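Below, each chain spelled out in residue letters.
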2 protein chains.
Amino acid sequence: MGGNQQIQVVVLGAGFGGLTFCQSFRHPNARITVVDRTNHHLFQPLLYQVAACGLAAPDIAQPIRAILSHRPDITVLFHQVMDFDLARKRVILEKGAMDYDYLVVALGGQTGYFGHPEWEQFAPGLKTLDDALRIRSQILLAFERAENETDPAEHARLMTIVIVGGGPTGVELAGSFAELTRTVLNHDFRHIDPTQARIILIEGSPTVLSHLPPDLSASAQRQLEALGVQVRNNLHVKTIRDGEVELANGEVIRAGNILWAAGVSATPLTKKLGAELDKAGRVKVNPDLSLPAHPEVFAIGDLALVLGENGKPVPGVSPAAMQMGKHVAKVILDEINPGTKPTPRPAFKYWDKGTMATIGRSAAVAWVGRFKFSGLLAWLAWLFIHLIFLVGFRNRTSVLFQWMYSYFSYKRSARIITYLPPGAKKPS
Amino acid sequence: MGGNQQIQVVVLGAGFGGLTFCQSFRHPNARITVVDRTNHHLFQPLLYQVAACGLAAPDIAQPIRAILSHRPDITVLFHQVMDFDLARKRVILEKGAMDYDYLVVALGGQTGYFGHPEWEQFAPGLKTLDDALRIRSQILLAFERAENETDPAEHARLMTIVIVGGGPTGVELAGSFAELTRTVLNHDFRHIDPTQARIILIEGSPTVLSHLPPDLSASAQRQLEALGVQVRNNLHVKTIRDGEVELANGEVIRAGNILWAAGVSATPLTKKLGAELDKAGRVKVNPDLSLPAHPEVFAIGDLALVLGENGKPVPGVSPAAMQMGKHVAKVILDEINPGTKPTPRPAFKYWDKGTMATIGRSAAVAWVGRFKFSGLLAWLAWLFIHLIFLVGFRNRTSVLFQWMYSYFSYKRSARIITYLPPGAKKPS
């Protein structure tokens, strides 16, 4: 490689990892091809806001082509990845194949059901824009159905939202649905009282947000309860049926909507990489993020299993994915620029910038270095940081504007029901 | 009626007509029930902007419940109307029935295919948010497919958009797709050149916007052509097949996307009203807008056929629907308030506030009274008037902001492909 020969770099996935790689990697002898199965980069940390009627889909999605349009060395393909032929340095797409010199696998994760894929139809997860639009329509439809019902037991059932999983996504969903029902929908119906809606958050461990220090977890739970969420810790789900969650203790909760926020697993494509995986399907990579048998193939983001300095796996969050993208860009650049190749390649080091989770209007928790915040201050920090990282000026200003509007008016503007995607369950 | 007895008013449809009726009608002894098959009021004049990636769906839709939440005398039902039992003063819904003392039928229209409903699958129309989201996804998908193609003939086919019908909707769609391809997508692809996309507007009569004076029609055509639209007048469609339009002169145009903007007909439910209809399915109403045999039933908006002072039918535009809603509110109020009942009821008078159509960035035509404008001035007038009438502060500010952004940045932010609704055709 080198000289006048073109180096082909293929990046699979235009999430935080893949996109940051592209932004960090530029070389006169290299060409990048980015493959994604959607046409947009999704700002996943705000996806729950689309589900909860706070933001419109285009507010948190930017066309990948538009983000990279100023880079003539990058080609974007809207395609599904099917398989790998690592021996021949080739990626198999739904239609055709692509050769590479370097491959960056940044395909992210999907909702994981702990070996119970049949639960998905009854309890959708939240990973894509389509998921969010589907949840939005289904929750609104359940309230519409309740309004048409005369039976109070049916009211109660249709107005129950169960969220399984008390991690950041579950907490954010629970908080924002509590707010939606208590401060947004509260005057809109004549036969039901949306403030009586039950939002139940089920968590298997003793606390919500168990990755945070105990006092912050406890604060998050108090803030959720103040919004009207029933937080139920130490409970495991036995099975999920149509409109029913059965718990390990035998209790059955009937609910018009059940959402799944309990598990994320790597894309099943990792199974085709021939590398060792953990039980969530993540690829065990070398310290430099390459695959053990393939120094020219890297795995980054949510599908990579790499240990941080504390000996724990680096968490599947966007800052980690971005840092990995940057690291791999440097490794490859060092290798193709003559004279800069270090031996061995440097190891990836995760810099933990802190963790935060939002709960609702002026309610959040944040943990940055030695500092812990909760309440309004944490919420403002959360707002500020999310706005900074939103790609694209339009999204940023639009989101800021809509938050200000929601904040002062107690209204949410994206409360529209559009078509349900194929396979969507109508509220039962 | 009167006294302490409750008067039940049922309004079918929460478009411009139905909503204006509600806003104009309030009586201590009356209760209103509004029935709509969607949960949102749609600002239809801007629907083409959603199709053309300029606005997000929530920007032009407001929940009907939210608009009317301050009116405890109004109940909103999210329901499909199935039939009428006018003799028993009853509306049949998909589930159940409703009795009324007064009925206001404001169900609007749908895309009409001149007796060829089989064309719909190949050439979708633009009447609902789902239509707009479907067109948006399909057009973007066609460009993605072209980018993956190597055959130049396929490029040309996939990048051809045929719009049938040179009325306001057809002109707006043609202009905005021309702009989308020439100023927004132009740097985003590597294998195709979106500025070479063909936008063909087919019109049966000798001019586009034939309801306007000839000089304005000619100006609109010039402005379209300046944007790169091929305007083809005096051409009739013989048939539409998958990816092909065959014209009456035998010419066949192959196109990745075909859109239908040639006809609107009243909802088929008008057939069940037992009244005389015109060939577009509109109800021939009395001068007071009531049905000939039923003084307690009114038809307003796009589905009502009423003659203006010039002897021509009042056009199916939102100002006409709003004026009709106001008129019917006054007629009913006069009748239920003791002592104010005029005999006979006053006739509806349409006040033509002018007509405008937008073509693109700073391109439009407007005709207000004796004044005719075109170009930038007409465009600014169009912008101003549409912003004023957008229901809801959030939508208004958000739309203004997004227009400013698009205007100065030459970008459009809603270029995302989400799921296609059932029955949607993938680009062929």
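Residues numbered from 1 in each chain as written. Chains lettered and ligands numbered in written order. Predicted model: local features only at pLDDT ≥ 70, side-chain atom pairs only at ≥ 80, totals over all residues. Heavy atoms only, no water.

Chemist: Which residues make up the overall build of chain A, and what are the values?
Modeler: When helices and strands are counted, chain A shows 10 helices and 25 strands. Computed over its C-alpha atoms, the radius of gyration of chain A comes to 22 Å, within 12% of the 22 Å expected for a compact globule of 428 residues. C-alpha atoms of chain A, sized along the principal axes, occupy 75 × 45 × 45 Å. Looking at chain A residue by residue over its 428 residues, the buried ones come to 59%. A separation of at least 24 residues holds for 65% of the contacts in chain A among residues at least 6 apart in sequence. In the structure as shown, chain A presents an accessible area of about 17,200 Å², 56% of it carried by carbon and sulfur atoms. Between the mean site of the 44 positive side-chain charges and the mean site of the 37 negative ones, chain A shows a separation of 4 Å. (Helix = DSSP H or I, 4+ residues; strand = E, 2+ residues; numbered from the N terminus. Rg over C-alpha atoms; globule rule 2.2 N^0.38 Å. Buried < 20%, exposed > 50% of the residue type's maximum accessible area, 1.4 Å probe, protein only. Contact = heavy atoms within 4.5 Å. Areas by Shrake-Rupley, 256 points an atom, 1.4 Å probe, with all protein chains shown as cover. Lys, Arg positive; Asp, Glu negative; His and termini not counted. Charge placed at Lys NZ, Arg CZ, Asp CG, Glu CD.)

Chemist: Which residues make up the interface of chain A and chain B, and what values do they have?
Modeler: Contacts between the two partners involve 52 residues from chain A and, on the opposite side, 52 residues from chain B. Taken together, the two surfaces of chain A and chain B that pack against each other cover about 4,600 Å², and 59% of this comes from carbon and sulfur. Here chain A and chain B share 4 salt bridges between them. Across the pair E149 of chain B and K95 of chain A runs a salt bridge whose closest N-O atoms are separated by 3.9 Å. Across the chain A-chain B interface, the total number found is 16 residue pairs in polar contact (both at pLDDT 80 or more). Where the side of chain A that touches chain B is concerned, the elements lending two or more residues are β4 (61-63), α3 (64-67), β5 (74-78), α4 (129-148) and α10 (393-409) of chain A. Broken down by element, the side of chain A that touches chain B gets its largest block of residues, 9 residues, from α4 of chain A. (Buried area = accessible area lost by both parts, 1.4 Å probe. Salt bridge = Lys/Arg side-chain N within 4 Å of Asp/Glu carboxyl O. Polar contact = N/O pair within 3.5 Å; in protein donor to acceptor, adjacent residues only side chain to side chain.)

Chemist: If you had to explain the packing of aromatic side chains to someone new, which residues and values would you point to?
Modeler: Residue and element names in this part refer to chain A. Under the counting rule described, the total for this entry stands at 13 aromatic pairs over all chains. Between F21 and F25 the ring centres are 5.2 Å apart and the planes differ by 15 degrees, which places this aromatic pair in the stacked class. A relative accessible area of 0% places F21 in the buried class. Site record: aromatic cluster; members linked through ring pairs are Y113, F114, W119 and W260. (Phe/Tyr/Trp six-rings, centres within 6.5 Å; stacked < 30°, edge-to-face > 60°.)

Chemist: Explain the environment of L86 of chain A to me, and be specific about the residues and the numbers.
Modeler: Residues and elements named next belong to chain A. Note on placement: L86 falls in the loop between β6 (81-85) and β7 (90-93). Judged by relative accessible area, L86 falls into the buried class, the value being 11%. Counting along the chain gives 13 residues from L86 to D99, while the straight-line C-alpha distance between them is 9.8 Å. With residues near it in sequence (within four places) discarded, L86 still touches Y100, L103, L273, L291, H294, E296 and V297.

Chemist: So what's going on with the relation of the copies chain A and chain B? Residues and values would help.
Modeler: For the pair chain A and chain B, the superposition axis carries a translation of 0.0 Å, the fit reaches an RMSD of 0.0 Å, and the rotation angle comes to 180 degrees. Interpreted geometrically, this transformation is the action of a two-fold axis. The residues that chain A uses at the interface reappear at the interface of chain B in 100% of cases, marking a shared surface. (Least-squares fit on C-alpha atoms with pLDDT ≥ 70 in both.)

Chemist: Provide a residue-level description of the sheet that holds strand β11 (residues 160-164) of chain B, including the pertinent values.
Modeler: Residues and elements named next belong to chain B. With parallel pairing, the 4 strands of this open sheet are ordered in space as β13-β12-β11-β17. A single partner strand is all that each edge strand has here, and the edge strands are β13 (229-232) and β17 (257-260). For this sheet the average axis-to-axis angle between neighbouring strands, irrespective of direction, equals 20 degrees. Of the strands in this sheet, β11, β12 (198-202), β13 and β17 are in contact with helix α6 (residues 168-184), which crosses β12 at around 170 degrees. (Pairing = 2+ DSSP bridges. Axes fitted to C-alpha atoms, helices over the stretch in contact; angles between N-to-C directions.)

Chemist: Got a sec to walk through the sheet that holds strand β9 (residues 102-105) of chain B? Specific residues and values, please.
Modeler: Residues and elements named next belong to chain B. Taken in spatial order, the 6 strands of this open sheet run β5-β2-β1-β9-β21-β20, and their pairing is mixed. Looking at the sheet topology across the chains shown, the edges are occupied by β5 (74-78) and β20 (290-291). The pairing of strand β1 (residues 7-12) with strand β2 (residues 30-36) spans 6 bridges and is classified as parallel. Counted as the bridge partner of I7 is A30 from β2. The sheet contacts of helix α8 (residues 318-336) involve β1, β9 and β21 (294-299), and relative to β9 the element is tilted by about 175 degrees.

Chemist: How would you summarise helix α1 (residues 16-24) of chain B if you had to cite specific residues and measurements?
Modeler: Counted residue by residue, α1 of chain B has 7 buried out of 9 residues, so it is predominantly covered. Of the positions making up α1 of chain B, those classed as buried are F16, G17, G18, L19, T20, F21 and C22 of chain B.

Chemist: Break down the pairing of strand β6 (residues 81-85) of chain B for me, with residues and values.
Modeler: Residues and elements named next belong to chain B. For β6 and strand β7 (residues 90-93), the ladder comprises 4 bridges, and the chain directions are antiparallel. Within β7, the residue paired with D85 across the bridge is R90. The antiparallel hairpin formed by β6 and β7 contains 4 residues in its connecting segment, where K89 sits at a positive phi of about 50 degrees.

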